[in-house]
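# Examining the three-dimensional arrangement
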Amino acid sequence: MSPSAAQTKLAGVNETRAYYMALSGLNVWSAGTTGTYSLADGSFTLSQTGPDASGYYTVTSLGCVDPGKASEANHTISARRKSAKPITFEDNIDDFILPKVGETTNNARSILVFDRDLTDAPPGVSQSDWATLWATNVDRYAGGWMRFGSGLGDSTGAIWYGGDYGLCPQGVCPDGACKDGACNLGQGLRAYFRFAFSDYDASADSTRCADGFTFAVVTAANDPATACGGPASGSRGEYLGYAGPGPAGVGIAPPKIAVEVDIYPNTGNGKPSEANSRADASNANHVAVLYWGGNANSYDDNTHSAGNKPGNPGKNSSGYYEMPKTAVGANGLEDGLLHALRLEIHRTSAGVYRVKTWIDPQGLGNSDVTADYAAEPPQLDHSATLSEADHAGLKTIRFGWTEGTGGQTQTVAVANFSLDFRH
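Residues numbered from 1 in each chain as written. Predicted model: local features only at pLDDT ≥ 70, side-chain atom pairs only at ≥ 80, totals over all residues. Heavy atoms only, no water.

### Observations concerning empty space enclosed by the protein
Unfilled space is identified by rolling a water-sized probe across the atoms. Across all of its chains, the model carries two cavities of 30 Å³ or more by this definition. Estimated volume of the second largest cavity: approximately 30 Å³. Contributing to the lining of the second largest cavity are Phe 197, Ser 198, Asp 199, Cys 209, Ala 210, Ile 263, Glu 334, Thr 409, Gln 410 and Thr 411. Residues that form the lining of the second largest cavity fall into these classes: four nonpolar, four polar and two charged. (1 Å grid on protein atoms, 1.4 Å probe; cavity = no way out; pocket = protein on both sides within 12 Å on 5 of 7 lines; lining within 4 Å. Points joined across faces, edges and corners; volume = space filled by probe spheres on them. Nonpolar A, V, L, I, M, F, W, Y, C, P; charged D, E, K, R; others polar.)

As structure tokens, then:
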């Protein structure tokens, strides 16, 4: 026999325990995880409805403590949950399709992918070199990382996400879901990653190292997972693997959107198939929004001010941002240190695309891709209205990176990647 005060106290404690049991269920839930699960001296029971048109489920978790006893307590919590966590290197790096020589790259070492664990070296890399690279960087890039350029000249490459994300009933993906790397863009996306150019360039004209890379969002309707730009052969690092016909001769077809991180100046305005023809503003490192150039060929797809409807933003627009060299020290991003890039694409049903990009954001939530970022203004904030056909072409997209080098070389590490879709 227990006094009523003790019974009341026990009931209150168990009610709190039942609440945390239900909360544990919500934390465990993922799409399709339903039923009753035992935990310590209680359980939680999960049920779900959905997904709705935006890809969200309504999840109910019933926490139960001391079932069948006089002290039994139950607590129910319901919440709206996305069908999947953001896409990250830590969880999903194996879903990025390794470049294939002659299609997505011209060299087996142009783009290398390092998982969280030491796996077999890819073709073109010795086991000892692979083990050394992995061991040297496993602490710095614990969640997995990619390496662009690998100290090569005349390289070009592209790598695309190829996994499944969310649920696509009968193969039809709702907004913000992916099947085999083809993703329904819906209202847009948010992405974040960190990167470092390992070479240090303090030269007056920033020409010691090549050339840069892009993060690209391209039409899945016109671009297979083998799409890649660059020259058909020879040296055109300034294409960054985004413009040009590429190793397979078909390039990366529009409609497409990218942000380039460009560290080598190409200030000329000649024919886009010739060298030094990107119309860069100066010798400074820069980031810029890219769409594509004229429809006649793909050589001008990252030439500033080329094309129309939408055309690439000019060097004096909100789609172009320079990082001038300081009096002492490296050129912009070429300091060997880790930098960060955050990208948001806001897409409307009327075909308006707003591309916002932050370099080294510092505000609260800068790496959180589950919500729009408003703690500080972006360096790039460019909007364009696409034609009805181009807008339809970006309903289903692929995302990934492209890189290129010419006479100079680069080695770029990319890590801490995450991506989520806007709803």
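### Let's talk about the packing of aromatic side chains
Applying the stated rule across the entire model yields 31 aromatic pairs. The interplanar angle of 35° and the centroid separation of 6.4 Å between the aromatic rings of Phe 215 and Phe 399 together place this pair among those described as tilted. Of the two residues, Phe 215 sits in strand E13 (residues 212–219) while Phe 399 sits in strand E20 (residues 396–404), which places them 184 residues apart along the sequence. You'll find Phe 215 and Phe 399 in the same group, each marked buried. An aromatic cluster is defined as three or more aromatic residues linked by ring pairs; in this entry it consists of Phe 89, Phe 96, Phe 148, Tyr 161, Phe 193, Phe 195, Phe 197, Phe 213, Phe 215, Phe 399, Trp 401 and Phe 417. The positively charged end of Arg 342 is found above the aromatic ring belonging to Trp 358, 5.9 Å away from the centroid. (Phe/Tyr/Trp six-rings, centres within 6.5 Å; stacked < 30°, edge-to-face > 60°. Helix = DSSP H or I, 4+ residues; strand = E, 2+ residues; numbered from the N terminus. Buried < 20%, exposed > 50% of the residue type's maximum accessible area, 1.4 Å probe, protein only. Lys NZ or Arg CZ within 6 Å of the ring centre and 35° of its normal.)

### Section: the state of the cysteines
Using the criterion set out here, one finds two disulfides in the structure. The disulfide partner of Cys 168 is Cys 173, and the S-S distance across this bridge is 2.0 Å. The S-S bond linking Cys 168 to Cys 173 shows a torsion near 100°; that makes this disulfide right-handed. Paired through a disulfide, Cys 178 and Cys 183 show a sulfur-sulfur distance of 2.1 Å. As the torsion about the S-S bond is roughly 105°, the Cys 178-Cys 183 disulfide counts as right-handed. The exposure class assigned to Cys 183 is buried, which follows from its relative accessible area of 0%. Bonded cysteines in the protein chain are paired 1-2, 3-4 when counted in the order they occur along the chain. (Disulfide = S-S within 2.5 Å.)

### Quick word on the confidence of the model for the protein chain
A low pLDDT score tells you not to read the predicted coordinates there in detail. Averaged over every residue, the pLDDT of the protein chain is 92; residues scoring 70 or more account for 96%. The low-confidence segment residues 1–7 (pLDDT under 50) makes one contact with residues lying over four places distant or belonging to another chain. (pLDDT = per-residue confidence, 0-100. Contact = heavy atoms within 4.5 Å.)

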